[in-house]
Amino acid sequence: MSAAVKTEQEIESGRQRLRLWVTSGPGLVWIMLFLLLPSAVLLGIAFFSADDYGSPVLPLSVQPFQQVAGYSLLGWDPGNIIIVLRSLEQAGIATLVSALLSYPLVFFILSRPASIRPLLLLFIVLPSWTNQVVRTYAWMELLGPAAPVSWVAHILHAVPPDLGLAPGRFAVTTGLAYNYLPYMIVPLYASAEKLDWTLVEAGRDLYAAGLRLFWHTVFPQTLPGLLSGIIFVAIPAFGDYVVPQLLGGDKALMIGSLIANQFTETPDWPYGAALTIIMLVFTGLGLVGFRVLTRKLGGAEEATI
Amino acid sequence: MIPRGVRYALSGISWPVYALLYTPLALVAYYSFSPAPNQTGHSLYAYGQLMHDAAVFTALRRSLILALGSAATSTALGTLLGYGLCRFRARNATGVLANIPSLIIYTPIIMPSLVFGISELIFFNFVHSATGFLGAGLQTMIIAHITFQVPYVALTVYARLAGLDPYLFDAAQDLYADGIKSFLYLIIPVVQPAIIGGFLLGITLSIDDFTISFFTAGPGSVTLPIYIYSAIARKGITPEVNAIGTLMIGTIVVLALVHFFITRHRERAGQFAARGNIA
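Residues numbered from 1 in each chain as written. Chains lettered and ligands numbered in written order. Predicted model: local features only at pLDDT ≥ 70, side-chain atom pairs only at ≥ 80, totals over all residues.

### Looking at the overall build of chain A
The helix and strand inventory of chain A stands at 12 helices and four strands. When its C-alpha atoms are laid out on the principal axes, chain A stretches across 75 × 65 × 35 Å. Across the 305 residues that make up chain A, the buried fraction comes to 40%. Of the contacts made within chain A by residues no fewer than 6 positions apart, 68% connect residues no fewer than 24 positions apart. (Helix = DSSP H or I, 4+ residues; strand = E, 2+ residues; numbered from the N terminus. Buried ≥ 20, exposed ≤ 12 C-beta atoms within 10 Å, placed from the backbone. Contact = placed C-beta atoms within 7 Å.)

Next comes the structure, spelled out in structure tokens:
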């Protein structure tokens, strides 16, 4: 009797497993075949030598990583380290700017009647649905030498005459913040929407006001949203390609352009692959760091699947 | 809840930010109406030039094929994936194996698009030189676009299914619906908004993308964003580039608003109907 029941359960669970594979299989296999396998190949290439055309050839070598660290036939050069630090700095400032702008915007939307909030949110997200190149060259025009913004900068002596604010580091940071602002606002809005206002009232009853009230009642409650926002902004901003390429010029080069050059203009695939590994290491460290932070601060409410 | 003084401060910061979000886009539109050479004022000159530019129309056609083709495929794959994971994955599964599907789904979302694009470039290059298949072109771009859209569709469908009453599936089973029947007559209608949403999201992601397209494109598969990018690299931002940009921005804004108001209208109608039933 009990054996028969067990087999029936086994048949049922076998059927479930079959259904799981029939439905989820194609999608998962697609991603594995066309993304996981290719990125594994890319990472593998970092351990090969480069031939005269920059293609990977045997023997295996650590030379690509020496190049990343700045060693070449001409000796040591800090160029790459400067570029990595600059990428971290520019992505960091862009993330900070979006976080600082997001708080007033999110609470502004929440202070409006519930019926128009979706529309206000839509108008935040809408620009990010246009193509990235269009969005970015729009800033080339806005910050270029001919635009009024640059005249103001001339008057303030922020930039030399006949030069605009773009290309340059200011333009890159602005472009990154503009591109990724919605990725900060949406998760922050989601957590601010669920805010428990009785805690704010309690704080007010205890004579807290202004920034102190915000810091002790609002900020801790919105922290999970802020942390996801930081991840969604900092990671793509650090590895961005279009913005530094169009708004950067030589002096604001970021790691993305450096990597892309090894596959387009001056091919050196193994070196490019080694640079990619460095970029992924930073990305991974950032992710793990924020995950640990989120868990510690007790805001683990993500993970939809 | 928010004191009046703070409200004013919030408005004072927020409206300028809203204006700033649209200033660059408005500037593109403004410059697109620049006059013909040696003339002053505003004109539709740049748009007239576009009409005679066969390359732009070819690029536009390719962009549409890319967006629609990839979104349709990723909607099919993603819907099945989201459905399968929600319905058939054992809820109490633990251990390393249980997390693998989620890890696979989140990789395309988390991976920087530059790494994504370059991985595809190298992979297609190897496959092509080994087998002769998958030479860089529209086909490789479509494959890459499907790959980054599938997770978003799957998550949209998953979220919709996870919000449903689980007894719905039992009820279907009690009425002798087998797997395929319940998929066709229960799941598809119920998940339909998520499927449409996923499809539109796929199109949006495809239109928004430049980096992945750039690295998977071949010489004969210039799409609109790549056309703009190389035009800027060659001769800077011309009125024609501004005209294309304006049309792209305009299309997206109109589509987004139409979609927004249609779904809102339907939601309200739904609420109204529900209220009517109770009464």
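### Brief notes about the overall build of chain B
Within chain B one finds 11 helices and zero strands. Relative to the 2.2 N^0.38 estimate, which gives 19 Å for 279 residues, the radius of gyration of chain B is 24 Å and therefore markedly larger than a compact globule would have. Oriented by its inertia axes, the alpha-carbon framework of chain B measures out at about 75 × 65 × 35 Å. Burial status across chain B gives 39% buried among its 279 residues. (Rg over C-alpha atoms; globule rule 2.2 N^0.38 Å.)

### A few points about the environment of A:Ser24
Following the sequence through the fold, A:Ser24 ends up in helix 1 (residues 2–45). Exposure remark for A:Ser24: the 25 C-beta atoms within 10 Å place this residue in the buried category. For A:Ser24 and A:Pro270, which are 246 residues apart along the polypeptide, the C-alpha to C-alpha distance reads 35 Å. Ignoring sequence-local partners within four residues, the contact set of A:Ser24 consists of B:Leu80, B:Leu81, B:Gly84, B:Leu85 and B:Pro101.

### Let's talk about the interface of chain B and chain A
Chain B puts 70 residues into the contact, and the matching count from chain A is 59 residues. Elements with a minimum of two residues in the side of chain B that touches chain A: helix 1 (4–32), helix 3 (54–88), helix 4 (96–110), helix 5 (113–131), helix 6 (138–162), helix 8 (179–208), helix 10 (224–235) and helix 11 (239–278) of chain B. For the side of chain B that touches chain A, the element with the most residues is helix 1 of chain B, which contributes 15 residues. Residue classes in the side of chain B that touches chain A are distributed as 53 nonpolar, 13 polar and four charged. (Nonpolar A, V, L, I, M, F, W, Y, C, P; charged D, E, K, R; others polar.)

### Quick look at the environment of B:Arg264
All names here are of chain B. Following the sequence through the fold, Arg264 ends up in helix 11. The partly exposed category is assigned to Arg264, around which 13 C-beta atoms lie within 10 Å. Distance in space between the C-alpha atoms of Arg264 and Ala76 is 25 Å, their sequence separation being 188 residues.

### What to know about unusual backbone geometry
Most peptide bonds take the trans configuration, and most residues that are not glycine carry a negative phi. All names here are of chain B. With phi around 55°, Leu134 is a residue other than glycine that occupies positive phi space. Among the secondary structure elements, Leu134 is positioned in the loop between helix 5 and helix 6. The class of Leu134 is partly exposed, set by 16 C-beta atoms lying within 10 Å.

### Regarding the packing of helix 3 of chain B against helix 8 of chain B
All names here are of chain B. Axis separation between helix 3 and helix 8 bottoms out at 8 Å; the angle between their running directions is 140°. What the angle tells us is that helix 3 and helix 8 run oblique. Once helix 3 is placed against helix 8, the crossing between them reads as right-handed. On helix 8, the residues touching Leu66, Ala67, Ser70, Ala71, Ser74, Thr75, Gly78, Thr79 and Tyr83 of helix 3 are Ile187, Val191, Ile195, Gly198, Phe199, Gly202, Ile203, Ser206 and Ile207. In terms of residue class, the contact of helix 3 with helix 8 is made up of 10 nonpolar, eight polar and no charged. (Axes fitted to C-alpha atoms, helices over the stretch in contact; angles between N-to-C directions. Parallel < 35°, antiparallel > 145°, perpendicular 65-115°, else oblique. Left-handed = near helix turned anticlockwise from the far one by under 90°.)

### Structural notes on the packing of helix 6 of chain B against helix 8 of chain B
Between two packed helices, both the angle of their axes relative to each other and the distance between the axes serve to describe the pair. All names here are of chain B. Taken N-terminus to C-terminus, the directions of helix 6 and helix 8 make an angle of 155°; their axes are 9 Å apart at the nearest point. Viewed along their axes, helix 6 and helix 8 adopt a mutual orientation that is roughly antiparallel. Helix 8 is crossed by helix 6, and the crossing has right-handed handedness. On helix 8, the residues touching His145, Phe148, Gln149, Tyr152, Val153, Thr156, Val157, Arg160 and Leu161 of helix 6 are Val191, Ala194, Ile195, Gly197, Gly198, Leu201, Gly202, Leu205 and Ser206. Split into classes, the residues belonging to the contact of helix 6 with helix 8 amount to 10 nonpolar, seven polar and one charged.

### Description of helix 8 of chain B
Note that an α-helix has 3.6 residues per turn; residues three or four places apart therefore point the same way. Its 30 residues place the ends of helix 8 of chain B only 37 Å apart at the C-alpha level, less than the 44 Å of an ideal helix rising 1.5 Å per residue. For helix 8 of chain B, the principal kink sits at B:Gln192 and spans about 60°; a proline, B:Pro193, occurs within the next four residues. (Expected span 1.5 Å × (residues − 1). Bend = angle between axes of the 7 residues up to and from the residue.)

### Section: the confidence of the model for chain B
Residues and elements named next belong to chain B. Overall, the prediction assigns chain B a mean pLDDT of 84, with 92% of residues at 70 or greater. Confidence scores differ between elements of chain B, with helix 11 showing the lowest mean pLDDT of 77 and helix 9 (residues 211–216) the highest of 93. Scoring the predicted complex yields pTM 0.85 and, for the interface, ipTM 0.85. (pLDDT = per-residue confidence, 0-100.)

### What about the confidence of the model for chain A?
Parts of the prediction with low pLDDT should not have their coordinates interpreted in detail. Residue-level pLDDT values for chain A average 82, and 91% of them are 70 or greater. Across residues 300–305 of chain A, where pLDDT falls below 50, the model places 11 contacts with residues more than four positions away in sequence or in other chains.

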